[in-house]
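# Working through the structure, step by step
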Amino acid sequence: MTYRIEETDGVLTMTINRSEIRNAINHSVMDGFEKFIAAVQDSRAHCAVITGAGGEAFCSGGDLSVFHELKTEEEAFPMLSRMADLLYRIKMLPVPVIAVVNGSAVGGGCEIATACDFRLVKREAKCGFIQGTLAITTGWGGGSYLLETLQHDRAMQMLTSARMYSAEELKGNGWATELYEQDTDITGFLDRFRKIDSNVHRAYKQLAVQRWETNGLKSRVDLEVRHCAKLWALDAHHAAVDRFLNKSR
Ligand SMILES: CC[C@H](C(=O)O)C(=O)SCCNC(=O)CCNC(=O)[C@H](O)C(C)(C)COP(=O)(O)OP(=O)(O)OC[C@H]1O[C@@H](n2cnc3c(N)ncnc32)[C@H](O)[C@@H]1OP(=O)(O)O
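The notes below deal with the structure included here. (Residues numbered from 1 in each chain as written. Predicted model: local features only at pLDDT ≥ 70, side-chain atom pairs only at ≥ 80, totals over all residues. Heavy atoms only, no water.)

### Focus: the overall build of the protein
Along the backbone of the protein there are 11 helices and 10 strands. Its C-alpha atoms give the protein a radius of gyration of 17 Å, within 12% of the compact-globule value 18 Å for 249 residues. The principal-axis extents of the C-alpha atoms in the protein amount to approximately 55 × 40 × 35 Å. Counting only residues that meet the buried cut, the protein has 52% of its 249 residues in that class. Long-range pairs, those at least 24 residues apart, make up 74% of the contacts in the protein with a sequence separation of at least 6. Total accessible area on the protein stands at roughly 11,200 Å², and carbon and sulfur atoms take up 53% of it. Charged side chains in the protein number 29 positive and 32 negative. The centres of these two groups are separated by 2 Å. (Helix = DSSP H or I, 4+ residues; strand = E, 2+ residues; numbered from the N terminus. Rg over C-alpha atoms; globule rule 2.2 N^0.38 Å. Buried < 20%, exposed > 50% of the residue type's maximum accessible area, 1.4 Å probe, protein only. Contact = heavy atoms within 4.5 Å. Areas by Shrake-Rupley, 256 points an atom, 1.4 Å probe, with all protein chains shown as cover. Lys, Arg positive; Asp, Glu negative; His and termini not counted. Charge placed at Lys NZ, Arg CZ, Asp CG, Glu CD.)

### Regarding the packing of aromatic side chains
Applying the stated criterion to the full structure yields 3 aromatic pairs. Between Phe118 and Phe193, the ring centres sit 5.6 Å apart and the planes meet at 85°, which makes this aromatic pair edge-to-face. Of this pair, Phe118 sits in strand E7 (residues 118–122) while Phe193 sits in helix H8 (residues 183–194); the two residues are 75 residues apart in sequence, bridging distant segments of the chain. Taking relative accessible area as the criterion, Phe193 reaches 10% and is therefore assigned buried. Centre to centre, the rings of Phe189 and Phe193 are 5.7 Å apart; their planes meet at 45°, and the pair counts as tilted. Within this pair, Phe189 and its partner Phe193 are both found in helix H8, separated by 4 residues, close to a single helical turn. Relative accessible area serves as the criterion here: at 7%, Phe189 is assigned to the buried category. One aromatic cluster is present, formed by Phe118, Phe189 and Phe193 through successive ring pairs. Positioned above the aromatic ring of Tyr165, the side-chain terminus of Arg163 is 3.9 Å from the ring centre. Sitting over the face of the ring of Phe244, Lys247 holds its NZ or CZ atom 4.5 Å from the ring centroid. (Phe/Tyr/Trp six-rings, centres within 6.5 Å; stacked < 30°, edge-to-face > 60°. Lys NZ or Arg CZ within 6 Å of the ring centre and 35° of its normal.)

### Overview of the sheet that holds strand E1 (residues 3–8)
The strands that make up a sheet are held in pairs by hydrogen bonds between backbone atoms, and each pair lies either parallel or antiparallel. Strand order in the open sheet formed by 6 strands is E1-E2-E3-E5-E7-E10, with mixed pairing between adjacent strands. Every other strand in the sheet has two partners, leaving E1 and strand E10 (178–180) as the edge strands with one partner each. With direction set aside, neighbouring strand axes in the sheet form an average angle of 20°. (Pairing = 2+ DSSP bridges. Axes fitted to C-alpha atoms, helices over the stretch in contact; angles between N-to-C directions.)

### Considerations on helix H10 (residues 217–232)
Across its 16 residues, H10 extends 22 Å between first and last C-alpha, which sits within 8% of the 22 Å expected from 1.5 Å per residue. Buried residues of H10: Leu217, Val221, Glu224, Val225, Cys228, Ala229 and Trp232, and no others. Angular distribution of buried residues about the axis of H10 spans 135°; they occupy a single face of the element. Contact partners of the buried residues in H10: helix H2 (64–67), helix H3 (73–91), helix H4 (108–114), helix H5 (142–149), helix H9 (198–214) and helix H11 (235–247). (Expected span 1.5 Å × (residues − 1). Arc of directions from axis to C-beta.)

Quick look at the structure:
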């Protein structure tokens, strides 16, 4: 199974379960996100968690071994739009969503984590919006969410540098909520959540959702997806993906 969905003590957790490929996203994982969103909406969960299997990666973005077959703007748009819609629905969930960044988060992996309300980042993890090195922009809404979350110049620096950041740098620029070393640190964070009635959490999350619904966030995400789909079709992107796929052969 490419994902796991579990509930423990009022916390619903989605684990991307493709560690052999650094938890890259394919359509099967997207099916899992569909189920996760429905499960959270149907539950009285305190909060929701998204994480990756194994100790190497949280998520390495889109599965290039699959998505490299998408060549044109028309072919790329449906995949980008599907994942962007899933991340928007995750962002709008009625409970706080916590990304437990258990390893490297790269490209779309950073977009998933940025759609969450909190990011708990493992001390040795490195994360980067490296889409620029593939001659594309973010394409799942993560650029819009980052510009919504961080101080403007820091968000623009992460996006335009397209480089990997250390966990310390991510704490420094505000992307990481907290750094952690072991799973007990995560338990401690979740225990603090449980101490407060979940109706309080839901009420605060509703304030955020209302702001995002009225400040044009969705239209910015839609523009982002269209930008990415256009750049996806250019030779520079296909050449960069081929270089990545051929490196390991
Ligand atoms: C809009 C979002 C956008 C999209 O796709 O739509 C993106 O997400 S663009 C960005 C796509 N992702 C990447 O370019 C990241 C590629 N991966 C890496 O940079 C590294 O794998 C890293 C840093 C995540 C982990 O490095 P590490 O040295 O720990 O592992 P390996 O590189 O040796 O990877 C192990 C194994 O997994 C394969 N792999 C890793 N990531 C992907 C991926 N995203 N798609 C397909 N395959 C991936 C890698 O090729 C290795 O395979 P192997 O056959 O064992 O050589």
